[in-house]
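Okay, here's what each chain looks like letter by letter:
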Amino acid sequence: MSAIAVIGAGPTGTCLVERICANAPELVGDSVLDIHVVDPHPHGAGRVWRTDQPDLLWANSAAADITIHTDGSVRCEGPIQQGPSLAEWLGCDPGFFAPRPVLSRYLSHAFERAVRTAPRNVRVHAHRAVALDVADLRAGQRLELSDGRWLEVDAMVLAQGHQSVLPSSQEVEQAAFAARRGLAYLPTGYAADLDLDVVPAGKPVLMRGAGLAFIDLMVLLTSGRGGRFTSGADGSLTYLPSGAEPLLHVGSRRGVPYHGKTGYRLSGSPAALPKFFGSDGAERRPLVAKELAYAYYHELFHAHPSRTRLDWAEFEAAFTEAGWGGKEMRALITKAVPRFADRLHLERIEQPLRGIRFGDLAGLQRWMHGYIAADLGRRADPAHSADLAMIHGLLSVHAVLAEAPSDPWFQRLFNFLASGPPARRLAELRALARAGVVTFLGADPRIEQDERAGTWRATSATVPGAVEARALVEARLPPPSVSRSTDPIISALYARGECREAAGLLDVRLPDRRLLGQGGAAHPRRFALGPWVVGGRGTAGFARPGVNAPLFRHADALARSVLGQTAGARLRAAA
Ligand SMILES: Cc1cc2nc3c(=O)[nH]c(=O)nc-3n(C[C@H](O)[C@H](O)[C@H](O)COP(=O)(O)OP(=O)(O)OC[C@H]3O[C@@H](n4cnc5c(N)ncnc54)[C@H](O)[C@@H]3O)c2cc1C
């Protein structure tokens, strides 16, 4: 008899269970295989997508861009088992942004389907428990669960996703200041897990971060406190306050929110991407920029030829030859694309507030209202489909980098351009800003403790003056940190030197994803895959249908390695 444990039953764990079942007939034949799936949260959805969270929290991916099932595009050794995307399963508009509890049901359904359709000799056991620790047996692993049970398995996979961490030293210091002066402080965390009642109504609150965690918090602190939006004849929103919302002062490295999701699809066929970018060691930034520009201009030339002056073949040949950022490239683009507004200005897009300084906070607010309105307009208008093509370029680079060492610059760019909120959330942000509920602080904010006044003071490079507040919210998820993880099995392994950290992530040997100990030895029976694991970036967001998504390729290969570790597979190989 063989047994495998999968720790974590979110999207990655669910996909792994499905892939183990799909590959079992080939690798273990008809010998009995037990798969133990351990998670305290509902299996399929897991912690991030659990049902018991407010409907107000939505997925930031459109329903057509979410799937948990392999399809014909996936290049893997195991058999493909088609299934519906979220949009197909719900029968909804492809651009629908599902509330997280709705997505929860899709994922739970996928888990149940994997269990139901498993080969007769494969039994899946769902344990609603936390995996506390693991020890080596002579020929296996012994797992300790929080419900008092012990599991003996041939191999285990950690698919634990995002974890909670101990507060950083800065967070400890801010919390101590807050306690001393009777202030409200919320460290980094998931919006659904935080106690937002500490944030006072009607008072200024400093929000550090303008990404997706900020959007979740904004929604819970406004709509979640009884505020409402009405739609005008032109479709713009007006916020009707409840009086219970705080006054949000938001600052971030860039000073602006992430770009909203696009409200249309590419009409023509996109360029074959990536064209220039490979996983070799060449300097990355110029190549990424050239790739994005290629995707952008390919679409501009094909979908909007009247806005270009050269034949595409001629442009493409010269573009391929020219280095990014050089004189030839600039001259080529100026000649081929006459309107300044039609050219791609990547640096301006990446750092929109760089070099801009306003005389006062009101000037910055006017600029921000215009910036958000322009973004909403562009993202809804197919005349700007070159922007969407550029996002396809980003996705193609992201897929190449899925196994490469993490690159914070690229990840930030990707999040900013391709991983933003639904357009409706940006429209709400704009309405909140117009109602004076949200005030923008600008780029690179500095937040200092004013001991004498007993407040925090925020300043930024973008405007003179300071904003004072008695509440501070770190509006971000905690960055990955194995050494600060509060997860019991990770902290136990780390304390004994049985796992190690690489740039905050859990270190594994690639490509087989075996866990590496402090000394660098790969454990034969312990594996890991997930957004907090080296080489796991393919799991950091949902798989999209039809794009040979890294999640499926990686989960399939891992499922096969893990199955190869079972007694059943060894017997079969020896027979
Ligand atoms: C707030 C938030 C919103 C997001 N929104 C989007 C989005 O809109 N679109 C998108 O593409 N991506 C989004 N993501 C990215 C997200 O990482 C992926 O969508 C996906 O959830 C990753 O799946 P996972 O299974 O690897 O990790 P998770 O979903 O985190 O699941 C891991 C599971 O492991 C369990 N676990 C951990 N430790 C143990 C243990 N010791 N014992 C037992 N079980 C354990 C946890 O309870 C959890 O259920 C979001 C992430 C967050 C945090």
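Just above, that's the structure.
Nothing here was measured: the structure is a model prediction, and the numbers come from that model. (Residues numbered from 1 in each chain as written. Predicted model: local features only at pLDDT ≥ 70, side-chain atom pairs only at ≥ 80, totals over all residues. Heavy atoms only, no water.)

A. Quick peek at the overall build of the chain. Within the chain, the secondary structure is distributed over 16 helices and 22 strands. In terms of C-alpha radius of gyration, the chain reaches 25 Å, essentially the compact-globule figure of 25 Å for 575 residues. Its C-alpha atoms give the chain principal-axis dimensions of roughly 75 × 65 × 45 Å. Burial statistics for the chain: of 575 residues in total, 54% are counted as buried. Here the contacts in the chain between residues at least 6 apart in sequence split such that 72% fall between residues at least 24 apart. In the structure as shown, the chain presents an accessible area of about 24000 Å², 52% of it carried by carbon and sulfur atoms. Positive and negative side-chain charges of the chain, numbering 65 and 58 respectively, have mean locations separated by a distance of 2 Å. (Helix = DSSP H or I, 4+ residues; strand = E, 2+ residues; numbered from the N terminus. Rg over C-alpha atoms; globule rule 2.2 N^0.38 Å. Buried < 20%, exposed > 50% of the residue type's maximum accessible area, 1.4 Å probe, protein only. Contact = heavy atoms within 4.5 Å. Areas by Shrake-Rupley, 256 points an atom, 1.4 Å probe, with all protein chains shown as cover. Lys, Arg positive; Asp, Glu negative; His and termini not counted. Charge placed at Lys NZ, Arg CZ, Asp CG, Glu CD.)

B. View of the sheet that holds strand 5 (residues 140-145). The antiparallel open sheet is built from 3 strands, whose spatial order is 4-5-6. Both edges of this open sheet fall to strand 4 (131-137) and strand 6 (150-153), since each of them pairs with a single strand only. Adjacent strand axes in the sheet meet at a mean angle of 20 degrees when their direction is disregarded. Two strands pair when backbone bridges link them, and strand 4 and strand 5 are joined in this way by 6 bridges, in the antiparallel orientation. Within strand 5, the position partnered with Ala131 by the bridge is Leu145. Relative to strand 4, helix 14 (residues 488-495) is tilted by about 45 degrees, and along the sheet it contacts strand 4 and strand 5. (Pairing = 2+ DSSP bridges. Axes fitted to C-alpha atoms, helices over the stretch in contact; angles between N-to-C directions.)

C. Structural context of the environment of Ala139. Locating Ala139 in the fold gives a position in the loop between strand 4 and strand 5. Overall, the relative accessible area of 47% leaves Ala139 in the partly exposed class. A sequence separation of 14 residues divides Ala139 from Val153, and the C-alpha atoms of the two residues are 8.8 Å apart. In this structure Ala139 touches Asp154 and Arg525, once residues within four positions along its chain are discounted.

D. Spotlight on the site of the ligand. Neighbouring the ligand are 33 residues; Thr12, Asp39, Asn60, His162 and Phe542 lie closest to it. Between Asp39 and the ligand, the recorded distance is 2.6 Å, taken from a side-chain N or O atom to an oxygen atom. In this structure, His162 approaches the ligand through a side-chain N or O atom, which is 2.6 Å from an oxygen atom. For the ligand, the protein covers 92% of the area, taking 980 Å² as the surface of the free molecule. (Near = heavy atom within 4 Å. Polar contact = N/O pair within 3.5 Å; in protein donor to acceptor, adjacent residues only side chain to side chain.)

E. Structural context of the packing of helix 5 (residues 212-221) against helix 13 (residues 423-434). For the pair helix 5 and helix 13, interaxial distance at closest approach is 11 Å and the crossing angle is 60 degrees. The angle between the axes of helix 5 and helix 13 places the two elements in the oblique class. Both helix 5 and helix 13 take part in a crossing whose hand is left-handed. Residues Phe214, Ile215, Met218 and Val219 of helix 5 pack against Arg425, Glu428, Leu429 and Leu432 of helix 13. Along the lines of polarity and charge, the residues of the contact of helix 5 with helix 13 split into 6 nonpolar, no polar and 2 charged. (Parallel < 35°, antiparallel > 145°, perpendicular 65-115°, else oblique. Left-handed = near helix turned anticlockwise from the far one by under 90°. Nonpolar A, V, L, I, M, F, W, Y, C, P; charged D, E, K, R; others polar.)

F. Broad picture of the pairing of strand 15 (residues 455-459). Pairing analysis gives 5 bridges linking strand 14 (residues 446-450) to strand 15, with the strands arranged antiparallel. Looking at strand 15, one finds that Asp450 is bridged to Thr455. Here strand 14 folds back onto strand 15, and the loop between the two strands holds 4 residues, one of which, Gly454, carries a positive phi near 70 degrees. The pairing of strand 15 with strand 16 (residues 467-469) spans 3 bridges and is classified as antiparallel. Note on strand 16: the bridge partner recorded for Trp456 is Ala469.

G. Molecular detail of the sheet that holds strand 8 (residues 184-186). Ordered in space as 8-17-9-12-13, the 5 strands form an open sheet in which the pairing is parallel. Either end of the sheet is taken by a strand with one partner, and the two such strands are strand 8 and strand 13 (438-443). Each neighbouring strand pair of the sheet contributes to a mean axis angle of 15 degrees, computed without reference to strand direction. In this structure, strand 8 lies alongside strand 17 (residues 471-474), joined through 3 bridges in parallel fashion. Directly across from Ala184, in strand 17, lies its bridge partner Ala471.

H. Layout of the packing of helix 11 (residues 385-400) against helix 12 (residues 408-418). Closest axis-to-axis distance for the helix 11/helix 12 pair is 10 Å, and the angle between their directions is 145 degrees. In the packing of helix 11 onto helix 12, the handedness of the crossing is left-handed. On the side of helix 11, the interface is formed by Met390, Ile391, Leu394, Leu395, Val397 and His398, while helix 12 contributes Phe410, Gln411, Leu413, Phe414, Leu417 and Ala418. Split into classes, the residues belonging to the contact of helix 11 with helix 12 amount to 10 nonpolar, 2 polar and no charged.

I. Representation of the packing of aromatic side chains. Taken as a whole, this structure holds 20 aromatic pairs when the rule is applied. Judged by centre distance (5.0 Å) and plane angle (50 degrees), the rings of Phe229 and Tyr239 are tilted. Residue Phe229 is found in strand 10 (residues 228-231), and its partner Tyr239 is found in strand 11 (residues 237-240); the two are separated by 10 residues along the sequence. The class for Tyr239 is buried, based on a relative accessible area of 4%. Geometrically, the ring pair formed by Trp367 and Tyr371 is stacked, given 5.3 Å between the ring centres and 15 degrees between the ring planes. A residue pair is termed a helical-turn pair when its members lie 3 or 4 positions apart in one helix, as Trp367 and Tyr371 do in helix 10 (residues 361-380) at 4 residues. Pairwise contacts between aromatic rings join Phe276, Tyr294, Tyr296, Tyr297, Phe301, Trp312, Phe315 and Phe319 into one cluster. Over the aromatic face of Phe416 sits the side chain of Arg254, whose NZ or CZ is 4.0 Å from the ring centroid. (Phe/Tyr/Trp six-rings, centres within 6.5 Å; stacked < 30°, edge-to-face > 60°. Lys NZ or Arg CZ within 6 Å of the ring centre and 35° of its normal.)

J. How the structure looks around the side chain of Asp507. Examined against the element boundaries, Asp507 turns out to sit in the loop between strand 19 (505-506) and strand 20 (508-509). For Asp507, the side chain forms a polar contact with the side chain of Arg500, separated by 2.9 Å. Dropping the residues within four chain positions of it, Asp507 is found in contact with Arg500, Ala502, Leu515, Leu516 and Val534.

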